[in-house]
Each structure stands twice: as C-alpha cells, then as structure tokens.
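Listed below, chain by chain, are the residues.
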Amino acid sequence: MSKVYTLEEVAKHNSKDDCWLIIGGKVYDVTKFLEDHPGGDDVLLSSTAKDATDDFEDVGHSTTARAMMDEYLVGEIDSSTIPARTKYVPPKQPHYNQDKTPEFIIKILQFLVPLAILGLAVAVRIYTKSESA
C-alpha cells in the first residue's frame, strides 16, 4: 500500500533540489528527472503545489513517458486536500446605456441619424448638380 500525502505536504517539494508533482491522483518525485525533461525543468517546477494532471494531459505525452512515471511514484494524494475547481464566471458587463437615456430614444436616433445623413448627402448632390448646369 502506498503512502497518502496531503496537498500541503506535496507543496513543500517545489524546488530544483526537491520537486514533486501530482498527476492523476498520484504523487511523483521528479527531482532526478528535471535535467532530462525534454521541456526543461521550468515546465515541471511551474506545475508543483497543485494538481498537474491537466498540464500533463494537455501536452500529449507518449506511452514511453507514461511508462517512465512508475519509477518516480512515491504515493497517492489525499483528494480531499485538493481544492475543488471553480467554474469561471465572467464579470457582469455594464449595460451600454450608461447615461440612462430611455431605450426608445436610442432606437429612434439609430433610425433617424442615418436617415438624416442620407438626406443631407442627396441634398448636397442635387445642389451641386444644379450649380454646375
């Protein structure tokens, strides 16, 4: 039976001299692998003190890499110590009508302003045509 660690215990191992990762509910001591990791040691160090399962899976490791993990296994993580994921909720966007202008006035203006511009363009065109004749 393997040892069960808490997130707090694993989080203490977050340096180049002592690096542990949590992947798939298991704890791995990857200190000896830091120099050999194809992505560099910074990639592994940035995944310490948290559940690195998503980081690991997003890269798409080979079956060889997955097989290598067994030699670095030191135990399992107590899943109750890992904080639950919170779903991202975007901040509420303020309504575009910040000056409290009534909605119907805005709708009227959205119709009348382009119409006025079109009328002005036609009037200028007719005026300039009659002057040149």
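Residues numbered from 1 in each chain as written. Predicted model: local features only at pLDDT ≥ 70, side-chain atom pairs only at ≥ 80, totals over all residues. Heavy atoms only, no water.

Named according to an unreviewed UniProt entry, the chain is Cytochrome b5 heme-binding domain-containing protein originating from Digitaria exilis. According to the UniProt record, the Subcellular location (unreviewed entry) comment for the chain is "Endoplasmic reticulum membrane". You can read under Sequence similarities (unreviewed entry) in the UniProt record for the chain the words "Belongs to the cytochrome b5 family." (UniProt positions renumbered as here; feature names shortened; annotations may be inferred.)

Here we take up the packing of aromatic side chains. Under the counting rule described, the total for this entry stands at two aromatic pairs. Ring centres of Tyr5 and Trp20 lie 5.0 Å apart, and the angle between their planes is 80 degrees; this geometry places the pair in the edge-to-face category. With Tyr5 in strand S1 (residues 3-5) and Trp20 in strand S3 (residues 18-23), this residue pair connects regions lying 15 residues apart in the sequence. This pair shows no difference in class: Tyr5 is buried, exactly as Trp20 is. Residues Phe33 and Tyr72 carry aromatic rings whose centres are separated by 5.6 Å and whose planes lie at 45 degrees to one another, so their mutual orientation is tilted. Here Phe33 is found in the loop between strand S4 (26-29) and helix H2 (41-45), whereas its partner Tyr72 is found in the loop between helix H4 (63-68) and strand S5 (73-77), with 39 residues between them in sequence. (Phe/Tyr/Trp six-rings, centres within 6.5 Å; stacked < 30°, edge-to-face > 60°. Helix = DSSP H or I, 4+ residues; strand = E, 2+ residues; numbered from the N terminus. Buried < 20%, exposed > 50% of the residue type's maximum accessible area, 1.4 Å probe, protein only.)

Our next topic: the UniProt feature "transmembrane region" (unreviewed entry) in the chain. UniProt feature "transmembrane region" (unreviewed entry): in the numbering of this structure it lies at residues 104-127. Helix makes up 100% of residues 104-127 and strand 0%, with an end-to-end C-alpha separation of 34 Å.

Let us now look at the sheet that holds S3. Taken together, the five strands give an open sheet; going across it, the order is S1-S5-S4-S3-S2, and neighbouring strands pair in mixed fashion. Each having just a single partner strand, S1 and strand S2 (14-15) make up the two edges of the open sheet. Inspection of the sheet shows S2 paired to S3 by two bridges, in the antiparallel sense. When the sheet's bridge partners are listed, Asn14 is paired in S3 with Cys19. (Pairing = 2+ DSSP bridges.)

What the rule picks out here adds up to three salt bridges. For Arg66, the salt bridge goes to Glu57, with nearest N and O atoms at 3.0 Å. Under the relative-accessibility criterion, Arg66 is labelled partly exposed at 32%. (Salt bridge = Lys/Arg side-chain N within 4 Å of Asp/Glu carboxyl O.)

In terms of domains, the chain is made up of domain 1 (4-81) and domain 2 (99-132). Placing the centre of domain 1 and that of domain 2 at their C-alpha centroids yields a distance of 65 Å. (Domains from an automatic or database assignment.)

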